[in-house]
Each structure stands twice: as structure tokens, then as C-alpha cells.
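# Tertiary structure, described
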Amino acid sequence: MRFTSYWADTAPAFTGGTPGSVEGAYDVAIVGGGFTGLEAARTLAKAGARVVVLEGGSIGSGASGRNGGHLNNGLAHSYLAAKSHLGAERAATLYRAFDAAVDHIERTVAEEQIQCNFKRVGKLKLASKPAHYEGLASNFEALHREVDPDTAMLDRSAIADEVRSQAFHGGMLSRKSAVMHMGRYAAGLADAAVRHGATIFENAAVTARRREGALHVLETPRGQVSAREVLVATGAYTSGPFSWFRRRIVAVGSFIVATRPLSRAEIASVIVRERTFVTSLNIGNYFRLSPDDRLIFGGRARFSAVSDQRSDARSGEILKANLVGLFPQMSGVPLDYCWGGLVDMTQDRYPRAGRTEDGLWYAMGYSGHGAQMSNLMGRVMAEAMLGREDRNPVKGLDWPAVPGHLGTPWFLPLVGFYYKMLDRFQ
């Protein structure tokens, strides 16, 4: 079994990074070479801006290349909960932004001719308990009526025509959701940004920053750059001189396994129709088929802020047990991949984007729903820096620091215990 991301292992390597010293003067410097940073760079470069991306590792090596491969429309919360917390207008605006995010990726793939297996398949939110089905149905009524008519409720008998498991009591279908190969998309998006004129430096983590008049100066181990504007797009992988963000982001591990390629008969024994699938438990699971017919199965197996081979292996054992619990027919199928990544959670699980008092632009906090939203927010923030229409769906949303959080989430075991108890009794 390989302890590496399937997406990275099966994608062409990005080769368009600039070698040598990090140097130069730019209109915009972007910290982070994931989907947010790359899409911002592409948008800015197409508009004629001088833009540089500073990536601490390799392109797409953070959350953009370590997720489950879902492009789901909809919020991290129920729509009813979002209305209660944000108000009806903001909740509807944010919900529609997730729709727009999937649309935006589809357009980008076509415009830049990125070969990344993009496909609209729909998402099924699977009710793990009878009471969860009732909750989904109540949420569906408002959601379907007010913001998304392209949804449907499926009862237990209808679910049998979608997924071959006795564990589910129905579900909600969101037809706009999609899938793609995350590694191929990251490489293609980076190639597009460079083709339009952006400069990308890999292995160039920002270690210090300062102001020199109207300019920001960013230092890396390979040299430094200056820029009029800076966009921080590092999410859960934020490090260096950006403590303001680290106090507001809780990095939580999410872990994934991938089987060997399945035969058509094995696929038919698990999944009837290709979808993205998400269970309704707080500590639940998500799964889909890969382009080469592997079952990619993930979840928050443990509440940990660490993702390394030892941690990923422990989580992989839990995920294998969960997989077999849902699909006993998979008990003899070996796993080829096991990997983990960090999710940039905010306290309320809504994303944040805007500009700090000291002039740093930012977009992050996608809270497990970033593969699609990060692309849209990269474009939205780039347009704001270009002085175009401000389409930020979370503009002005307060973002207080997490109490007692200084960058290391010591409280995660307590959070995990709390959610386990919710899943047990609700």
C-alpha cells in the first residue's frame, strides 16, 4: 500500500515552476499554490497583472491534492441551519455561490482544455439513521422551494437503486454536484496560470514579511519578492508570519483510502449509479469511484491535527473497518492507497474571505467543502484586487479568533468525543 495521495501519484507533474532565486517586483504575490492561489493567479495574469505564486511545497500538495475528489454543491450545514445563523438572504447567496463554484470549474476545464475527468454525477447525502432521514426531508422542503429545485428526496427503497448497503434509510440527491481528478486539475490550472503570464515558485515557503512603504516584502529560503498586494491562500497549511490566520483556522485531519481497481461486477455490488456519496453522521464517511474504478473512501477517522505515514496508517485501519461495515462485500478487496490531509475548519464552518487591517487579502476556511469553493473564491478575490465587482459571498462576516487557540488545536480530542456522543444518541 502506498502512503501517498492517489491524486498526486496518478497525475502528470507540474514542470512550469521557475527555477533559481526567488526575486522580482510584482503587482500581486499569492501565498499558496492550491486551487485558490492558482485560480487567482490565472485570473490576474489574464488581466495583465504581474503575479507571483509562492508555494511552500509542490503545486497542489496541500488540501487541493489531498481531498476525496468531490465537487459538491450545497453548504457544510443544512440550509435551515444556515438561514438561522446567517439570515435568509446570506444563506441563499452562499448556497448559490457553491452552485456557481461547480459551474466555474466546468467552464475553466473547457477554457483551458484541462484533462481531469470532470463529470456531473450528483451527490447523495445518505441518512444513517431514521431520524436523520426526517431531518434531511425537513431541510429539503425549504431548500427545494427556495434555492435549489434540482434536488430530490429518495426513500429507503429508492436508495437501493443507488447504493448496495443495508446501512441507509434514504437520502437527498443534489444533481448539480460533480467529480474530477484533483491532481490533474491542479497541474492543468498551474500550467494555465503560467501560460497566461504568472510566475510560480515551488518550495518557497514565506518565512518573514515586512512593509516598505506601499510594498509588501515576502522572504523565502530562496530569496524575496515585493508586491503591491498579497493574497494569503494557505488554509490549514498556514505557517510563517501569518499568526492572525492561524488563530482563526483549526487544522483537522481528514483521511482517505483507495482500493485496487474494481471489476465491473465488484462495482455493481457496491454502487449502482456513479455519484458522490456522503453519510449523515457527524463523524461520517464519503466515497466515490475514481477514473480508474477504485473506490475512494474517506472520513474524519480520528480527530487529529497530524497527517504523516504513522497517523495515516492508523486512520486507514479505521477507514477499512468502516468500509467493510457499510459494504461487507468489500472485505477481501485490498487497499492500494492511504493518505491524509488537513482541513481548514473555522469555528462556525463557514468560509472567510476579505482583507485584514494590515492590507492582506485572504480566502480560506472552507471547512471540508473547498475543492469547488476555493476555485470560485480565487477568482472572486482576484477580481476584487483588480477593482471589479465585489462578488464575495462572505464579505463582512465576522471572524473572531478561536478562544484558547494559538495555532495548535489541543482541544481536538474533546471535540471528537463530543461528536461521537452526538452520533451515538442522535
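Now for a look at the structure at hand. Computed from a predicted structure; not experimentally measured. (Residues numbered from 1 in each chain as written. Predicted model: local features only at pLDDT ≥ 70, side-chain atom pairs only at ≥ 80, totals over all residues. Heavy atoms only, no water.)

## Quick look at the pairing of strand β2 (residues 51-54)
The side-chain alternation of β2 yields two buried faces, one formed by V51 and V53 and the other by V52 and L54. One ladder, built from 4 bridges, connects strand β1 (residues 25-31) with β2; its direction is parallel. Counterpart to V31 in the pairing with β2 is L54. Following the chain from β1 across helix α2 (residues 35-46) to the adjacent parallel β2, one finds a crossover that is right-handed. (Buried < 20%, exposed > 50% of the residue type's maximum accessible area, 1.4 Å probe, protein only. Helix = DSSP H or I, 4+ residues; strand = E, 2+ residues; numbered from the N terminus. Pairing = 2+ DSSP bridges. Right-handed = clockwise from strand over helix to strand, strands pointing away.)

## A closer look at the sheet that holds strand β4 (residues 119-120)
Taken in spatial order, the 3 strands line up as β3-β8-β4 in an open sheet, and their pairing is antiparallel. Taken across any chain shown, the strands that pair with only one partner, and hence form the sheet edges, are β3 (70-71) and β4. Two strands pair when backbone bridges link them, and β3 and strand β8 (residues 178-179) are joined in this way by 2 bridges, in the antiparallel orientation. When the bridges of β8 are listed, L71 appears paired with A178.

## Some points on empty space enclosed by the protein
One pass over the full model with this rule turns up 1 cavity of 30 Å³ or more. For the largest cavity, the calculated volume is near 40 Å³. Around the largest cavity, the lining residues are L75, A76, H77, L94, F98, R349, Y350, P351 and Y366. Classifying every residue of the lining of the largest cavity by side-chain character gives 7 nonpolar, 1 polar and 1 charged. (1 Å grid on protein atoms, 1.4 Å probe; cavity = no way out; pocket = protein on both sides within 12 Å on 5 of 7 lines; lining within 4 Å. Points joined across faces, edges and corners; volume = space filled by probe spheres on them. Nonpolar A, V, L, I, M, F, W, Y, C, P; charged D, E, K, R; others polar.)

## Description of the packing of aromatic side chains
Each aromatic ring pair is summarised here by two numbers: the centre-to-centre distance and the angle between the ring planes. Enumeration according to the criterion identifies 14 aromatic pairs in this entry. Ring geometry for F35 versus Y185: centroids 5.2 Å apart, planes at 80°, classification edge-to-face. In this pair, F35 is assigned in helix α2 and Y185 in helix α7 (residues 182-195), connecting sequence segments 150 residues apart. Pair check on accessibility: F35 and Y185 agree, each one buried. On the basis of an interplanar angle of 80° and a centroid distance of 5.2 Å, the ring pair of W244 and F245 is categorised as edge-to-face. Taken together, the ring pairs connect F242, W244, F245, Y362 and W399 into an aromatic cluster. The positively charged end of R248 is found above the aromatic ring belonging to W244, 3.9 Å away from the centroid. (Phe/Tyr/Trp six-rings, centres within 6.5 Å; stacked < 30°, edge-to-face > 60°. Lys NZ or Arg CZ within 6 Å of the ring centre and 35° of its normal.)

## Considering the sheet that holds strand β13 (residues 250-259)
Strand order across the open sheet formed by 8 strands is β6-β7-β5-β14-β15-β16-β13-β17, with mixed pairing between neighbours. Of all the strands in the sheet, just β6 (151-154) and β17 (335-345) have a single pairing partner and so form its edges. Sheet twist, expressed as the mean angle between neighbouring strand axes with direction ignored, is 20°. Bridge analysis of β13 against β17 gives 10 bridges, and the strand direction is antiparallel. Counterpart to A258 in the pairing with β17 is Y337. In the packing of helix α5 (residues 130-146) onto the sheet, the strands contacted are β5 (123-126), β6 and β7 (171-174), and the crossing angle to β6 comes to about 155°. (Axes fitted to C-alpha atoms, helices over the stretch in contact; angles between N-to-C directions. Contact = heavy atoms within 4.5 Å.)

## A closer look at the environment of A186
Structurally, A186 can be placed in helix α7. Remark: the alpha-carbon pair of A186 and F35, spanning 151 residues in sequence, is separated by 6.8 Å. If sequence neighbours within four positions are ignored, A186 has contacts with F35, L38, I59 and G60.

## Focus on the pattern of salt bridges
With the rule as written, the count across this model stands at 30 salt bridges. Here R42 ties to E112 by a salt bridge, and the two come within 2.7 Å at their closest N and O atoms. Of this pair, R42 sits in helix α2 while E112 sits in helix α4 (residues 88-112), and the two are 70 residues apart along the sequence. Each member of the pair, R42 as well as E112, is classed as buried. (Salt bridge = Lys/Arg side-chain N within 4 Å of Asp/Glu carboxyl O.)

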